[in-house]
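# Structure assessment
Read off the chains here:
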Amino acid sequence: MTAVDAVVVVAMADEEAPFVARAQVAGPVTQVAGSYQRLVTLAGRTVLLVRSGIGLVNAAVAASCALSVFRPSVLISAGSAGGLGVDVRVGDVVVADQTLYSNADATGFGYVLGQVPAMPERYTCDERLVAIAAAGGTPQVPTRTGLVVSSDSFITAHVVDDVRNQFPDAVSTDMESTALAQVAHLFGIGFMSVRGVSDLCGPVAGDDHATHVDDASDRSATIVVQMLAHLTD
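Each chain has its residues counted from 1, running along the sequence as written. Totals for whole chains, interfaces and linings use all residues, but because this is a predicted model, local features are given only for residues with pLDDT of at least 70 and pairs of side-chain atoms are given and counted only at 80 or more. Water and hydrogen atoms play no part in the side-chain values, which are based on all heavy atoms of the structure.

## A look at the overall build of the protein
Note on conventions: DSSP H or I runs of at least 4 residues are helices, E runs of at least 2 residues are strands, and numbering of each starts at the N terminus. Within the protein one finds six helices and eleven strands. In this setup the radius of gyration rests on C-alpha atoms only. A globule is expected at 2.2 Å times the number of residues raised to 0.38. Over its C-alpha atoms the protein spans a radius of gyration of 16 Å, differing by no more than 12% from the 17 Å that the globule rule assigns to 233 residues. Along the first, second and third principal axes, the C-alpha set of the protein runs to 45 × 40 × 30 Å. In the protein, which comprises 233 residues, the share counted as buried stands at 52%. Residue pairs at least 24 apart in sequence account for 76% of intrachain contacts in the protein once pairs closer than 6 positions are excluded. Where accessible areas are quoted, they stem from the Shrake-Rupley method and a 1.4 Å probe; at the residue level, only the protein chains shown are allowed to cover. Accessible surface computed for the protein: about 9,600 Å², of which carbon and sulfur atoms make up 54%. Of the side chains in the protein, 12 bear a positive and 24 a negative charge, and the two mean positions are spaced by 6 Å. For the exposure calls, accessible area comes from a 1.4 Å probe over protein chains only, and a residue counts as buried if that area is under 20% of its type's maximum, exposed if over 50%, partly exposed in between. Any two residues whose heavy atoms approach within 4.5 Å are treated as being in contact. Neither His nor the chain ends is counted toward charge; the positive residues are Lys and Arg and the negative residues Asp and Glu. Where a charge lies is defined by one atom per residue type: Lys uses NZ, Arg uses CZ, Asp uses CG and Glu uses CD.

This is the structure we're talking about:
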């Protein structure tokens, strides 16, 4: 079995492409339970690049399949995201320091909003890698650090106020990161989410996402690849 330094999970082909373009070596694609895996070399590191499909379950299944075979030091969520923070702009790269589910509500049983029963209130990302990724920002590719929330809903104008009111410290939202964080927690490995902001969850979020997903994904890949160079052996 090939040893890998990291598993990077993206949802879509548009999010996968900038990693393949940056790879010094890109192996053949293998389909596993609906996801697509390939070994690539990035920043001198051996990485399993996984395209999971969109949504929490697809992400969790794809990551679980990967981690059942490979044992990396970190699982990374990459690609695009919607901006929630008041100072977040399209083109920023959000480096999560924590994640939670925006649609998880077991408060009737004493759990915190966003917490799955018997799981952490929030999933904490690898602090060392968060610092490295955040420091990798530039005026051309600015980084933001904070809470990322995830659900199976694409957040648009008709629900964004509720999400912001429930999680006022949330910086961005996506449809995979927290599921990946939970898988990493269960497998006992580090986790990171590094996502480019493609839209601001407004009235034309869908159009904005379609327009900016390529650039957002490219910016995400820029920061992730920089970070990979700093993984410890």
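## Let's talk about the side chain of Ser-172
Position of Ser-172 among the secondary structure elements: in strand S10 (residues 170-174). Apart from residues lying up to four places away in sequence, Ser-172 is in contact with Ala-81, Gly-82, Gly-83, Leu-84, Val-94, Leu-147, Val-148 and Val-149.

## Here's the deal with the pairing of strand S11 (residues 190-199)
On a regular strand, one side chain projects to one face of the sheet and the next to the other, so that they alternate. Counting buried positions over the ten residues of S11 gives nine, a clear majority of the element. If DSSP finds at least two bridges between two strands, the strands pair. As defined by bridge partners, strand S7 (residues 93-101) adjoins S11 across three bridges and the pair is classed as antiparallel. Bridge pairing in S11 links Val-95 to Val-194.

## Let's talk about the layout of surface pockets
By rolling a water-sized probe across the atoms, one finds the places where empty space is left. Roughly 210 Å³ of internal volume is contained in the largest pocket. Around the largest pocket sit 18 residues that line it, and Ser-80, Phe-154, Asp-174, Met-175 and His-209 are the ones nearest its centre. When contributions to the lining of the largest pocket are tallied by element, the ones reaching two or more residues are strand S6 (74-83), S10 and S11. Per-element accounting of the lining of the largest pocket gives the leading share, three residues, to S6. Nonpolar residues are Ala, Val, Leu, Ile, Met, Phe, Trp, Tyr, Cys and Pro. Charged residues are Asp, Glu, Lys and Arg, and all others, Gly as well, are polar. Of the residues that constitute the lining of the largest pocket, the class distribution is eight nonpolar, five polar and five charged. Grid points spaced at 1 Å and placed over the protein atoms alone form the basis of the search, with a cavity being a set where a 1.4 Å probe fits but cannot get out and a pocket an open set showing protein on both sides within 12 Å along at least five of seven lines. Lining residues have an atom within 4 Å of a point. Grid points are joined across faces, edges and corners, and a volume is the space filled by probe spheres set on the points.

## Quick notes on the packing of helix H1 (residues 13-22) against helix H6 (residues 205-228)
H6 packs onto H1 with a crossing angle of 45° between their chain directions and a minimal axis gap of 8 Å. Looking at the two axes, H1 sits oblique to H6. Taken as a pair, H1 and H6 cross one another with a handedness that is right-handed. Facing H1, whose interface residues are Asp-14, Glu-15, Pro-18, Phe-19 and Arg-22, H6 presents Val-213, Asp-214, Ser-217, Asp-218, Ala-221, Thr-222, Val-224 and Val-225. Residues belonging to the contact of H1 with H6 are distributed by class as follows: six nonpolar, two polar and five charged. Convention adopted: a line fitted to C-alpha atoms gives each axis, helices being fitted over their contacting stretch, and angles between N-to-C directions are expressed from 0 to 180 degrees. Should an angle lie under 35 degrees it is considered roughly parallel, over 145 roughly antiparallel, and from 65 to 115 roughly perpendicular; all remaining angles are considered oblique. Helix crossings are classified by the rotation of the near helix relative to the far one: an anticlockwise turn of less than a right angle makes the crossing left-handed, while a clockwise turn makes it right-handed.

## Looking at the environment of Gly-53
Structurally, Gly-53 is set in the loop between strand S5 (45-51) and helix H2 (56-69). Note: C-alpha distance between Gly-53 and Ser-35 (18 residues apart in sequence) is 6.6 Å. Among all residues touching Gly-53, those that are not within four sequence positions of it are Val-10, Ala-11, Asn-58 and Glu-176.

## With respect to the pattern of salt bridges
We define a salt bridge as a contact between a side-chain nitrogen of Lys or Arg and a carboxyl oxygen of Asp or Glu at a distance within 4 Å. Tallied over the full model, the rule gives eight salt bridges. For Asp-218, the salt bridge identified is with Arg-22, shortest N-O distance 3.0 Å. With a gap of 196 residues between them, Asp-218 in helix H6 and Arg-22 in helix H1 connect regions that are remote in the sequence. When its relative accessible area of 25% is taken as the criterion, Arg-22 is described as partly exposed. A salt bridge links Asp-87 to Arg-144; the shortest N-O distance between them is 3.2 Å. With Asp-87 in the loop between S6 and S7 and Arg-144 in strand S9 (residues 143-150), the pair connects residues that are 57 residues apart, well separated along the chain. Through salt bridges that share partners, Asp-87, Asp-92 and Arg-144 make up one connected network.

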